[in-house]
Amino acid sequence: EKHGHSNVIVIRDKKKREDPEVKEHNRLGNWVNSQRQVYKEYCIGKPIHRGGLAIANFTQEKIDMLEKVNFRWSTTLIDAWQIKFDALMKYKEENGDCLVPQKYPENPPLSFWVKKQRAHY
């Protein structure tokens, strides 16, 4: 609800992972990824196991609840591109331009993505 989508990317940067806000973000990202994996297994009728234990509480009711909030069951490269584009639009809204610095500590992946987009152009 906070960001309006379910495309939560787990932050892998070791320095940032210790930050309490990043830890909370990563917990959510791991949960989202787990729901997607369990859903895939559920859809093909595969026994659902995680860590050697069957997950028996994944039900159609839970699927319906997630779908009601527009949960995305899969992500694609297009989704990943859109997430970065949305972050660029937020940057532009805050800064008045799309000139993301190469070293942008608030969102290092965004600066890398912008650099790649420029190289592809």
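Use the structure listed above.
The notes below deal with the structure included here. Nothing here was measured: the structure is a model prediction, and the numbers come from that model.

**Let's talk about the overall build of the protein chain**
And step 1. Secondary structure summary: the protein chain contains four helices and two strands in total.
And step 2. Helices (α) and strands (β) of the protein chain occur, in sequence order from the N terminus, as α-β-β-α-α-α.
And step 3. When each of the 121 residues of the protein chain is scored for burial, the buried share is 24%.
And step 4. Within the protein chain, contacts between residues separated by at least 24 positions form 35% of all contacts whose residues are at least 6 apart in sequence.
And step 5. Just so you have it, the protein chain exposes about 9,600 Å², and 56% of that area is on carbon and sulfur atoms.

**Let's talk about helix α3 (residues 77-95)**
Helical geometry: 3.6 residues make up each α-helical turn, so side chains three or four residues apart lie on a common side.
And step 1. Between its first and last C-alpha, α3 extends 27 Å over 19 residues, near the 27 Å set by a 1.5 Å rise per residue.
And step 2. Among the residues making up α3, those that are buried are D79, K84, L88 and Y91.
And step 3. After α3 finishes, the residue G96 shows a positive phi value of roughly 85°.

Quick notes on the rules
Residues numbered from 1 in each chain as written. Predicted model: local features only at pLDDT ≥ 70, side-chain atom pairs only at ≥ 80, totals over all residues. Heavy atoms only, no water. Helix = DSSP H or I, 4+ residues; strand = E, 2+ residues; numbered from the N terminus. Buried < 20%, exposed > 50% of the residue type's maximum accessible area, 1.4 Å probe, protein only. Contact = heavy atoms within 4.5 Å. Areas by Shrake-Rupley, 256 points an atom, 1.4 Å probe, with all protein chains shown as cover. Expected span 1.5 Å × (residues − 1).

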